[in-house]
Amino acid sequence: MRLSLLRQGFDFTGREVANWFPGHMARGLKQMKARLRNVDCIVEVHDARIPLSGRNPFFQESLGIKPHLLILNKMDLADLSQKKRIHNELKKQVVHNIIYTDCTNDQNIRQIIPTITEMIGSSNRFHRTENPENCILVVGVPNVGKSSLINCLRRLHLKKGKASRVGAAPGITRSVLSKIQVSENPLLYILDTPGILSPHIESIEAGMKLALCGTILDHLVGEDIMADYLLYMLNQNNLYSYVEKYALDGPCQDIESLLKKIAIKLGKTQKVKAITGIGNVNITVPNYSAAAYDFIRSYRRGEFGQMTLD
Ligand SMILES: Nc1nc2c(ncn2[C@@H]2O[C@H](COP(=O)(O)OP(=O)(O)OP(=O)(O)O)[C@@H](O)[C@H]2O)c(=O)[nH]1
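Remember, it's a predicted structure, so these values are computed and weren't measured experimentally.

A. Region of interest: the environment of Val17. Topologically, Val17 is positioned in the segment before helix H1 (23-35). Separated by 190 residues in the primary sequence, Val17 and Gly207 place their C-alpha atoms 6.3 Å from one another. Once residues within four sequence positions are removed from consideration, Val17 is found in contact with Ile201, Ile204, Gly207, Ile216, Leu220 and Val221.

Quick look at the structure:
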């Protein structure tokens, strides 16, 4: 199954991403900087579907004085055949320590503590030489799985239950810098932090990718254009399982007709009043927003296959 004519590119004309840098993110950033002195290693968690977009430059620049490990989480949703290209790109950004993880089935989680221990061992623990415990600062944009990762580490290394709240919407962790033990030997603590976006998202396309991965609130970009961009990306990647899911005749490029079909198939319609020559009448129309939401949510759950957006 293939589309005969793919769109040459995606038209972002006239679109913008609303700025979103709430107060608790600014406070969180300030508190992180203040605690840096007592930190031995920075673990930055990001979404494996967008390894090159939307990382907060601050995490690497001003936190970069400490050993830095990049965890690309949600690997179960990403296209791992792109790994080599991604690693080459990240190398150019001076990111050398990378681990892919999946918190839903503990994949690769056991590599984390030995890697961190080795990185700390070969670094200069300035101000910290007397202290036997290692302290890790976990940072990342919202909703990439920081809390899930901490809970996995505790379960695997301490046989302990959840210490950090997990949520499907961005911005769940708001309490700043709670210290959580994740390992006994070596003695290792993690400081959990709230998700912090870059105050300036680099482009509309980056904003679109961040939103599709659920790291910024949908309405800052708009569900309609997110759905259109998703359709464009699925077609570019030859991922056509949306055709079967929504019982379509074949792949399509036109988001409006796709959303109309989804709305009808899912029974997502709404009654609106129309003014006609013979008075007001109620007519039933497709609920495009509900259809767009279903389409986006299905992608986030991995129902259309593994896809890297960068
Ligand atoms: N598919 C998949 N989902 C994951 C994975 N890790 C976490 N999630 C889900 O992603 C969502 C966000 O996880 P959290 O652990 O709350 O993310 P967070 O980075 O702490 O979020 P904030 O508190 O907003 O900063 C939850 O619905 C998790 O179940 C993963 O490896 N794969």
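Having seen it, we continue.
B. Expanded view of the packing of helix H7 (residues 223-236) against helix H9 (residues 255-266). It is at 10 Å that the axes of H7 and H9 come closest, and there the two elements cross at 105°. The pairing of H7 with H9 is recorded here as roughly perpendicular in orientation. For the pair H7 and H9, contact is made by Ala227, Asp228 and Leu231 and by Ile255, Leu258 and Leu259, respectively. Classifying every residue of the contact of H7 with H9 gives 5 nonpolar, no polar and 1 charged.

C. Representation of the pattern of salt bridges in the model. Tallying each qualifying case throughout the model produces 11 salt bridges. Across the pair Glu133 and Lys179 runs a salt bridge whose closest N-O atoms are separated by 2.9 Å. Residue Glu133 is located in the loop between helix H4 (112-121) and strand E4 (134-139), and its partner Lys179 is located in strand E5 (residues 178-183); the two are separated by 46 residues in the primary sequence. The class of Glu133 is buried, set by a relative accessible area of 17%.

D. Focus on a nonpolar patch on the surface. A grouping of Val272, Ile278, Val281 and Ile283 is seen on the molecular surface, where their side chains present a nonpolar patch of about 340 Å² in accessible area. Tracing the sequence through the fold places Val272 in strand E7 (residues 269-276).

E. Molecular detail of the pairing of strand E8 (residues 279-286). Judged from the 8 bridges that link them, E7 and E8 form a sheet pairing that is antiparallel. Looking across to E8, one finds that Ala274 is bridged to Val281. With antiparallel pairing between neighbouring strands as the criterion, E7 and E8 make up a hairpin whose turn holds 2 residues.

F. Broad picture of the sheet that holds strand E2 (residues 68-73). On the basis of which strands lie adjacent, the open sheet formed by 6 strands has the order E3-E2-E1-E4-E6-E5 and mixed pairing. Edge positions in the open sheet fall to strand E3 (98-100) and E5, since each of these has one partner strand only. Within this sheet the neighbouring strands show an average axis-to-axis angle of 25°, counted without direction. The pairing of E2 with E3 spans 3 bridges and is parallel.

G. Geometry of the packing of aromatic side chains. Per the stated rule, a full pass over the model turns up 10 aromatic pairs. With a centroid separation of 4.9 Å and 55° between ring planes, the pair formed by Phe10 and Phe12 is classed as tilted. Each member of the pair Phe10 and Phe12 is classed as buried. Arranged with centres 5.1 Å apart and planes meeting at 85°, the rings of Phe10 and Tyr229 form a pair that is edge-to-face. In this pair, Phe10 is assigned in the segment before H1 and Tyr229 in helix H7, connecting sequence segments 219 residues apart. Of the two residues examined, Phe10 and Tyr229, each falls in the buried class. Here the aromatic residues Tyr240, Tyr242, Tyr246, Phe295 and Phe304 are joined through ring pairs into a cluster of three or more. Over the ring of Tyr100 we find Lys83; its NZ or CZ atom is 4.8 Å from the centre of that ring.

H. Geometry of the side chain of Asp47. Among the structural elements, Asp47 can be located in strand E1 (residues 41-47). Classification of Asp47 as buried rests on a relative accessible area of 0%. For Asp47, the side chain forms a polar contact with the side chain of Arg49, separated by 2.7 Å. In contact with Asp47, other than residues within four places in its own chain, are Leu72, Asn73, Lys74, Val144 and Cys213.

I. Just helix H10 (residues 288-300), in detail. Given a rise of 1.5 Å per residue, 13 residues ought to cover 18 Å, and the 18 Å separating the end C-alpha atoms of H10 matches this to within 8%. Taken as a whole, H10 has its buried residues at Ala291, Ala292, Asp294, Phe295, Ile296, Ser298 and Tyr299. Its buried side turned inward, H10 meets helix H6 (204-212), H7, helix H8 (241-245) and H9. Between a side-chain oxygen at the N-terminus of H10 and the backbone nitrogen of Ser289 the separation is 3.3 Å; the capping residue is Asn287. Downstream of H10 by a residue or two, Gly302 has a phi angle that is positive, lying close to 85°.

Reading the values: the criteria
- Residues numbered from 1 in each chain as written.
- Predicted model: local features only at pLDDT ≥ 70, side-chain atom pairs only at ≥ 80, totals over all residues.
- Heavy atoms only, no water.
- Helix = DSSP H or I, 4+ residues; strand = E, 2+ residues; numbered from the N terminus.
- Contact = heavy atoms within 4.5 Å.
- Axes fitted to C-alpha atoms, helices over the stretch in contact; angles between N-to-C directions.
- Parallel < 35°, antiparallel > 145°, perpendicular 65-115°, else oblique.
- Nonpolar A, V, L, I, M, F, W, Y, C, P; charged D, E, K, R; others polar.
- Salt bridge = Lys/Arg side-chain N within 4 Å of Asp/Glu carboxyl O.
- Buried < 20%, exposed > 50% of the residue type's maximum accessible area, 1.4 Å probe, protein only.
- Patch = residues over 30% accessible without salt bridge, like charges linked within 9 Å, V, L, I, M, F, W, Y side chains within 5 Å.
- Areas by Shrake-Rupley, 256 points an atom, 1.4 Å probe, with all protein chains shown as cover.
- Pairing = 2+ DSSP bridges.
- Phe/Tyr/Trp six-rings, centres within 6.5 Å; stacked < 30°, edge-to-face > 60°.
- Lys NZ or Arg CZ within 6 Å of the ring centre and 35° of its normal.
- Polar contact = N/O pair within 3.5 Å; in protein donor to acceptor, adjacent residues only side chain to side chain.
- Expected span 1.5 Å × (residues − 1).

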